[in-house]
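Descriptive structure summary
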Amino acid sequence: MKGTVLAAGVLSCIIALTTVAAEKPEKASAQTTLDLYATPSETWDVLQKDSSAILVDVRDPVEVMFTGFATPTRIHVPLMIANSKGWNDKKSSWAMEKNPAFNAQLTDKLNQLGANKDTPIFMMCRSGSRSASAVNLLAAQGYSNVWSVVNGFEGGVLKEGDSKGVRAVNGWRNSGLPWSYKVDPPVAWHPAE
């Protein structure tokens with residue numbers, strides 16, 4: 001009986017994940033060593049079918065505060081953090097710095113949720129590059145089922161019209177998937193002390 005339940009669980013994971021097959025992003029910075037990519041809608045479908053699947057948001061808390069948060073997110077640990085004291089002339093914006101505690105914080109959160117190296121993990125950022133970097137960091141630790149959510153939370157930019165440049169194409173928020181400006185307090189990231 002125990003083996004039958006285990007086999008059924010493995011089979012359901014395989015069935016759920018075989019429906020995920022987003023195309024490999026053209027942009028090199030959005031590609032991963034595992035070559036596992038999912039659209040926001042595909043990610044949502046897997047999260048609905050597989051209770052062990054985990055959605056991780058790797059955006060800076062300021063981004064989350066102003067643009068919103070996918071409600072099924074179970075972990076929020078920023079890969080990069082805005083430095084209000086650092087200015088980037090090239091980008092005409094504040095500099096982003098790597099969160100020095102990212103690996104430790106993410107691994108700790110995954111362990112708290114009972115994740116193993118085969119657990120389906122979906123990494124999401126604004127548009128796909130930071131999530132790809134986060135996937136590669138977990139892959140280097142031996143995780144084998146880590147997906148980058150292509151187009152991320154906000155998606156791509158409009159190419160024309162009055163709102164040209166606004167991130168209003170595809171992405172989690174623009175796909176009609178559940179999101180909010182409120183973050184579940186136990187999920188919210190807190191800086192390392």
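As shown above, the structure is provided for reference.
Residues numbered from 1 in each chain as written. Predicted model: local features only at pLDDT ≥ 70, side-chain atom pairs only at ≥ 80, totals over all residues. Heavy atoms only, no water.

1. Comments concerning helix H2 (residues 40-49)
Rules: Burial status follows relative accessibility: with a 1.4 Å probe on protein chains alone, a residue under 20% of its type maximum counts as buried, one over 50% as exposed, and anything between as partly exposed. Helical segments are the DSSP runs of H or I of at least four residues, strand segments are the runs of E of at least two, and each set is numbered from the N terminus. The directions considered for the arc run from the helix axis to the C-beta atoms.
Residues of H2 that are buried include every one of Pro 40, Glu 42, Thr 43, Val 46 and Leu 47, and no others. The buried residues of H2 occupy an angular sector of 160° when projected down its axis, which confines them to one face.

2. Focus: a nonpolar patch on the surface
Counted only if it meets this: Patch definition: residues above 30% relative accessible area lacking any salt bridge, with like charges linked at up to 9 Å and the nonpolar side chains Val, Leu, Ile, Met, Phe, Trp and Tyr linked at up to 5 Å. Note on areas: these come from Shrake-Rupley sampling with a 1.4 Å probe, and a residue is covered only by the protein chains present in the view. Here, a salt bridge means any Lys or Arg side-chain nitrogen found within 4 Å of an Asp or Glu carboxyl oxygen.
Taken together, Val 62, Met 65 and Phe 66 make up a surface patch of nonpolar side chains, about 330 Å² in accessible area. Tracing the backbone through its elements, the reader meets Met 65 in helix H3 (residues 61-67). Judged by its relative accessible area of 52%, Met 65 is exposed.

3. Here we look at the pattern of salt bridges
Under the counting rule described, the total for this entry stands at 4 salt bridges. Linking Arg 59 and Asp 57 is a salt bridge whose minimum nitrogen-to-oxygen distance equals 2.8 Å. For Arg 59, a relative accessible area of 0% puts it in the buried group. Arg 173 serves as the salt-bridge partner of Glu 154, at 3.8 Å between the closest nitrogen and oxygen. Within this pair, whereas Glu 154 is found in the loop between strand E8 (146-149) and strand E9 (156-157), its partner Arg 173 is found in helix H6 (residues 171-174), the two being separated by 19 residues in sequence.

4. A few points about the pairing of strand E7 (residues 121-124)
Look at any regular strand and the pattern is simple: side chains alternate between the two faces of the sheet. Quick note on the threshold: We call two strands paired when DSSP finds no fewer than two bridges between them. Handedness of a crossover is defined as follows: with both strands directed away from the viewer, a clockwise route from the first strand across the helix to the second makes it right-handed.
Side-chain alternation along E7 places Ile 121 and Met 123 on one buried face and Phe 122 and Met 124 on a second face that is also buried. By the bridge criterion, 4 bridges tie strand E2 (residues 54-57) to E7 in an arrangement that is parallel. Bridging across to E7, Leu 55 finds its partner in Phe 122. Examined bridge by bridge, E7 and E8 share 3 bridges and lie parallel to one another. From the neighbouring strand, Phe 122 faces E8, where its bridge partner is Trp 147. As for the winding sense of the linkage, the β-α-β connection from E7 through helix H5 (residues 129-140) to E8 is right-handed.

Spatial relationships are all this shows, so hold off on functional conclusions.
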